[in-house]
Amino acid sequence: METKSVMICGVGGQGILLASDLLSQTMLEVGMDVKKSEVHGMSQRGGTVISNVRFGEKVFSPLIRKGDAEIILAFEKLEGLRQIEYLKKNGVVLVNNFVIEPLPVACGLAEYPEDVISIIKSSIPDAIVIDALSLAKKAGNARSMNIVLLGVLAKKLEIDKKIWYYVIEKRVPKKTWEVNKRAFDLGYEVI
Amino acid sequence: MKVLLSGNEAVARGAYEGGCRFAAAYPGTPSTEILENIAKYKDVIYCEWSTNEKVALEVATGASFAGARALAAMKHVGLNVAADPFFSLSYIGSTGGIIIVSADDPGMHSSQNEQDNRHYARSAKLAMLEPSDSQEAKEFTILGFEISEDFDTPLLLRLSTRLCHSKTVVELGERKEVPVKGYEKDIKKRLVLPAHARLRHIYVEERLKKLSKFSEQFEYNKMEFNDKSIGIISSGIAYQYAKEVLPDASYLKLSFTYPLPFKLIEKFSKNVKKLYVIEENDPFLEMEIKAKGINVIGKEIIPITGELNPSIISEAFGKKRKSVTIKKMPSLSPRPPALCPGCSHTPVFYTLNKLKLTVTGDIGCYTLGALPPLNAIDTCVEMGASLGNAFGMEKVLGEKSDKKIVAVIGDSTFFHSGITPLINIVYNKGTSTVIILDNRITAMTGHQEHPGTGKTLMGEDTVTINPEDIVKACGVKHVFTVDPYNLKELKKVIKREVERKEPSVIIARRPCILLLIRKREVGKPFYVDTEECIGCKICLQLGCPAISMKNEKAYINELFCVGCGVCAQLCPIDNTMIQRENDS
Ligand SMILES: Cc1ncc(C[n+]2csc(CCOP(=O)(O)OP(=O)(O)O)c2C)c(N)n1
């Protein structure tokens, strides 16, 4: 199998690292070589977070090169737009219709573009827009937004749902299993 | 068993499997998780947060003297702090195997410079290994102890941010117990006074020759022949990037990168038509290879500055991919990191800004006080610099200067390297004002314990060392502790102390808000009474991520607000910012 690249981007505190951990672990479970990369440190204090996940028979670089991502999963829409040059021609964009204002915007020093979704769609008409917050609330906890989005992504990857469940159970506390699996399913059914 | 481990986790695992008994570090991105993960093996590996990197290397050296396998880990600039013992240790060599881990930060994700610590191996004349993924990070840690013992050398294990923080597949092994050799006095080896050191220097030069031979046959210095029209020499994470972009080229992958295997390099160069070196940051391999008269292309096409990545290599070799472009891309606001809502540093910087003071800064979360809208810090050099910088400026500018100078330093940074410059201020008759931002933890790097927290890395209770006691013992007579949430008091004390003609220290004490959130000890959120709010935007000057404007009125995001109430103290209209009585 050719190496596949998935980029997950958003803002520190959105649960991106857990989502990308679950994705990587699932690929390891099905016997693939996996590499994933993100930077810890400064960027966690409310800054941009980008996680690169790559899997296949043999993976070399943990970083995705520009124009090479099969899928970009954006937890926050401005961050999705920011990383768009990493998308492959005909790649898939999954974007959470969710805004977190960067500090310069909140302080009135910069503006948040009004029509991020339509800007993305002008180049990628098939971009899939998700309202993950409502789905997460429906699942029983607004904080399960990251798992909703992971569910959306999972649909695109054609791996048995049981393996995803197994990996989720191995990683999250037992008392959150049900909420997380509900969140995952709600995401899975979006497409 | 196969698992996904980050490079840092893999080094920790390698220390465990390789029989390490002693590990020390001072935290620093991207190296911090090495010791945090070694702590999982605390039953068999003694481990600690040392007060700084120099101390970390000194205690590890002591453990090696006693015959145990030992490791000291630090970020790249940490090795500058530890450089003094590092160079002596090269002459002394090892008893128990000793590894110094240097985690470099190309791209400066969380650092003040982009220094390439491979140069340290050359200047200190000791062995160096560079892994290119987590499996190698684990194996090279184990091998590193063996090489260190076999060749009586300290070993530099050189990592970089992407290696430290990327997870790749690792096959786990068992721990090999290595007995502690015990201590035997040998002053010719361990007491480097000139008469002994002269002999040890001769030994070091001999050792380099032996290590060169070893490097020639080291199994991880490896040729991979493919299309011979392009030959690439590479090491570390750069090798993985190159393989990604140029899978069909021939490679000489180097892992033992000091001293280099020149015979192997020559052999490889003769077998390929065009020879390239692909390396991140400095032309370290390139200069060594060129000095041997072998012609290579390197920094002509691969930049020295910034983090390397496969996109850059693609472009350098004319293999850029077509990517999606947005026709009308708007300008996107950057998303800089920010001080948290309720951060105890925020009111201090707000006050320093309002008092228009010149502020020499230091390194920690609080360096973010330099960014807008706080704009409160003038300088940041390295850990511990704020005090000396303030003193030097004051001596030159003198009392006539219309701007008063204040040094700000975090608690962990104060213990790390703030004490000696404080003594210097007192001893050399300074008048500096120092603010210690005591949030009771090493926050920047993810909440590590330090001498002021009462806990060790191994989770044991220990004495709590109070900055007040240290400051007084250094001879400072004017020491004041304030709660930074109390804006009036804070302003009064700072204003008074900068005028004083003697050294004074203000300790602004309140635990890091993230610690309080974890303990659920935060207040109820505030909201804005929009009828009262006059839209003056004074509250926005705090740069609190919970506050923004909505319809010309202040708006508080109650999901973020932790109820510190600092904004309410600033608000010119009474009863505009109101604290909820119950969770909404
Ligand atoms: C020599 C050196 N070692 C380590 C670091 C990494 N580092 C930066 S700031 C810091 C400590 C910050 O703690 P503190 O001074 O308590 O400030 P806080 O982040 O809690 O505000 C560390 C470990 C560094 N920059 N330089």
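All of these numbers come straight from a predicted model, not from anything done at the bench. (Residues numbered from 1 in each chain as written. Chains lettered and ligands numbered in written order. Predicted model: local features only at pLDDT ≥ 70, side-chain atom pairs only at ≥ 80, totals over all residues. Heavy atoms only, no water.)

Overview of the packing of aromatic side chains
Residue and element names in this part refer to chain B. Inclusion rule: Stacked, tilted and edge-to-face are the three classes assigned to paired rings of Phe, Tyr and Trp, where Trp is represented by its six-membered ring and a pair needs centres within 6.5 Å; plane angles under 30 degrees give stacked, over 60 edge-to-face, the rest tilted. Under the scheme applied here, a residue whose accessible area is under 20% of the maximum for its type counts as buried, over 50% as exposed, and between as partly exposed, the area being computed with a 1.4 Å probe on protein chains only. Look at NZ for Lys and CZ for Arg. If either is within 6 Å of the ring centre and within 35 degrees of the ring normal, a charge sits over the ring.
A complete count under the given rule lists 20 aromatic pairs over all chains for this structure. Summarising the aromatic geometry, the rings of phenylalanine 86 and phenylalanine 87 are spaced 5.9 Å apart at their centres and angled 80 degrees between planes, so their arrangement reads as edge-to-face. Owing to a relative accessible area of 33%, phenylalanine 87 belongs among the partly exposed residues under this scheme. Three or more aromatic residues joined by ring pairs make a cluster, and in this case those are Phe140, Phe151, Phe214, Phe218, Tyr220 and Phe256. A cation over an aromatic ring shows up here: lysine 253 above the ring of tyrosine 239, its NZ or CZ 5.4 Å from the ring centre. Cation over ring: lysine 550 sits above tyrosine 555, and NZ or CZ is 4.1 Å from the ring centre.

Quick look at the sheet that holds strand S9 (residues 222–224) of chain B
All names here are of chain B. How we decide: Should DSSP find at least two bridges between two strands, the strands are taken to pair. Here a helix means four or more residues in a row that DSSP labels H or I, a strand means two or more in a row labelled E, and each is numbered from the N terminus. Helix axes are fitted only over the stretch in contact, all axes being lines through C-alpha atoms; the angle between N-to-C directions runs from 0 to 180 degrees. Here, two residues are considered to be in contact whenever any of their heavy atoms come within 4.5 Å of each other.
Taken in spatial order, the four strands line up as S9-S11-S10-S13 in an open sheet, and their pairing is mixed. Of all the strands in the sheet, just S9 and strand S13 (274–278) have a single pairing partner and so form its edges. For this sheet, the mean angle separating the axes of adjacent strands, direction not counted, is 20 degrees. Strand direction decides the pairing type here: strand S10 (residues 227–235) and strand S11 (residues 249–254), joined by six bridges, are parallel. For glycine 231, the partnering residue across the bridge sits in S11 and is serine 250. Contacting S9, S10, S11 and S13, helix H12 (residues 262–271) runs over the sheet at an angle of about 175 degrees to S11. Together, S10, S11 and S13 form the strand contacts of helix H13 (residues 284–291), whose direction differs from that of S13 by roughly 140 degrees.

Some points on the site of the ligand
Residue and element names in this part refer to chain B. Stated formally: To be near a molecule or strand, a residue needs just one of its heavy atoms within 4 Å of it. Two N or O atoms count as a polar contact when they lie within 3.5 Å, although within protein this holds only if one can serve as hydrogen donor and the other as acceptor, and sequence-adjacent residues are included solely when both atoms are side-chain atoms. For accessible areas, the Shrake-Rupley method is used with a probe of radius 1.4 Å. Any residue's cover is judged against the shown protein chains and nothing else.
Close contacts around the ligand come from 26 residues, with Glu53, His345, Cys365, Asp411 and Thr413 the closest. Contacts to the ligand include serine 412, whose backbone N or O atom sits 2.9 Å from an oxygen atom. Note that an oxygen atom of the ligand is positioned 3.0 Å from one of the side-chain N or O atoms of asparagine 439. Relative to its unbound accessible surface of 590 Å², the ligand loses 97% to contact with the protein.

Side note on helix H1 (residues 16–29) of chain A
Residue and element names in this part refer to chain A. Note the threshold: Here a helix's expected span is defined as the number of its residues, less one, multiplied by 1.5 Å.
Over its 14 residues, H1 runs 20 Å from end to end, which matches the ideal 20 Å to within 8%, given 1.5 Å per residue. Within H1, burial applies to Ile16, Ala19, Ser20, Asp21, Leu22, Leu23, Ser24, Thr26, Met27 and Leu28. Positive phi shows up at glycine 31, right after H1, with a value of about 90 degrees.

Overview of unusual backbone geometry
With omega at 5 degrees, the peptide bond leading from B:Thr29 into B:Pro30 counts as cis. For B:Pro30, the position within the fold is in the loop between strand S2 (22–25) and helix H2 (33–38). With an omega of -10 degrees, the peptide bond running from B:Tyr258 to B:Pro259 counts as cis. Following the sequence through the fold, B:Pro259 ends up in the loop between strand S12 (256–258) and H12. Its identity as a non-glycine residue notwithstanding, A:Glu158 has a phi of 55 degrees, on the positive side. The class for A:Glu158 is exposed, based on a relative accessible area of 71%. The phi angle at B:Glu552 is positive, at roughly 65 degrees, despite the residue not being glycine.

Let's talk about the packing of helix H5 (residues 132–139) of chain A against helix H6 (residues 145–155) of chain A
Residue and element names in this part refer to chain A. Defined as follows: Here roughly perpendicular refers to angles of 65 to 115 degrees, roughly parallel to angles under 35, roughly antiparallel to angles over 145, and oblique to all remaining angles.
Following both chains from N to C, one finds H5 and H6 inclined at 110 degrees, their axes separated by 8 Å at the closest point. Considering their axes alone, H5 and H6 lie roughly perpendicular with respect to each other. Across the interface between the two elements, Ala132, Leu133, Leu135 and Ala136 of H5 pack against Met145, Val148 and Leu149 of H6.

Here we look at the interface of chain A and chain B
Heads up, the condition is: Any Lys or Arg side-chain nitrogen located within 4 Å of an Asp or Glu carboxyl oxygen qualifies as a salt bridge. Polarity classes work like this: nonpolar for Ala, Val, Leu, Ile, Met, Phe, Trp, Tyr, Cys and Pro, charged for Asp, Glu, Lys and Arg, and polar for all others, with Gly in that last group.
Residue-level contacts link 57 residues of chain A with 59 residues of chain B. Here A:Glu79 and B:Arg335 are joined by a salt bridge, their closest N and O atoms 2.5 Å apart. Where chain A touches chain B, the interface holds 18 residue pairs in polar contact (both at pLDDT 80 or more). Elements with a minimum of two residues in the side of chain A that touches chain B: H1, strand S2 (33–37), strand S3 (48–56), helix H2 (77–82), strand S5 (87–96), helix H3 (103–106) and helix H4 (116–123) of chain A. No other element matches the five residues that S2(A) contributes to the side of chain A that touches chain B. Across the side of chain A that touches chain B, the residue classes tally to 27 nonpolar, twelve polar and 18 charged. Where S2(A) meets strand S8 (residues 166–171) of chain B, three bridges bridge the pair, whose relative direction is antiparallel. Paired with A:Ser37 across the bridge in S8(B) is B:Ser166.

A word on the environment of B:Phe65
Residues and elements named next belong to chain B. Tracing the backbone through its elements, the reader meets phenylalanine 65 in helix H3 (residues 53–65). Among the residues examined, phenylalanine 65 registers a relative accessible area of 23% and is labelled partly exposed. Through-space distance from the C-alpha of phenylalanine 65 to that of aspartate 152 is 12 Å; in sequence the pair is 87 residues apart. Apart from residues lying up to four places away in sequence, phenylalanine 65 is in contact with Ile92, Thr95, Gly182, Tyr183 and Arg190.

Focus: the pairing of strand S20 (residues 547–550) of chain B
Residues and elements named next belong to chain B. Relative to strand S21 (residues 553–556), S20 is paired through four bridges, and the arrangement is antiparallel. Looking at S21, one finds that isoleucine 547 is bridged to isoleucine 556. Where S20 folds back onto S21 in an antiparallel hairpin, the turn is made up of two residues, including asparagine 551, whose phi is positive at roughly 50 degrees.

Remarks on the domain arrangement of chain B
Often, the extent of an interface is quoted as the loss of accessible area upon association of its parts. Residue and element names in this part refer to chain B. The test is simple: Domain borders in the structure are assigned automatically or taken from a domain database. Note on definitions: buried area is the accessible-area loss of two parts on being combined, 1.4 Å probe, summed for both.
Each assigned domain of chain B is listed with its residue range as follows: domain 1 (2–217), domain 2 (222–316), domain 3 (345–518) and domain 4 (523–579). Distance from the C-alpha centre of domain 1 to the C-alpha centre of domain 3: 33 Å. Listed by partner, the interface residues are 19 residues for domain 1 and 16 residues for domain 3. Between domain 1 and domain 3, a total of about 1,300 Å² is buried, with carbon and sulfur atoms accounting for 65% of that surface. Between the two partners, domain 1 and domain 3, sit zero salt bridges. At the junction of domain 1 and domain 3, the tally comes to five residue pairs in polar contact (both at pLDDT 80 or more).

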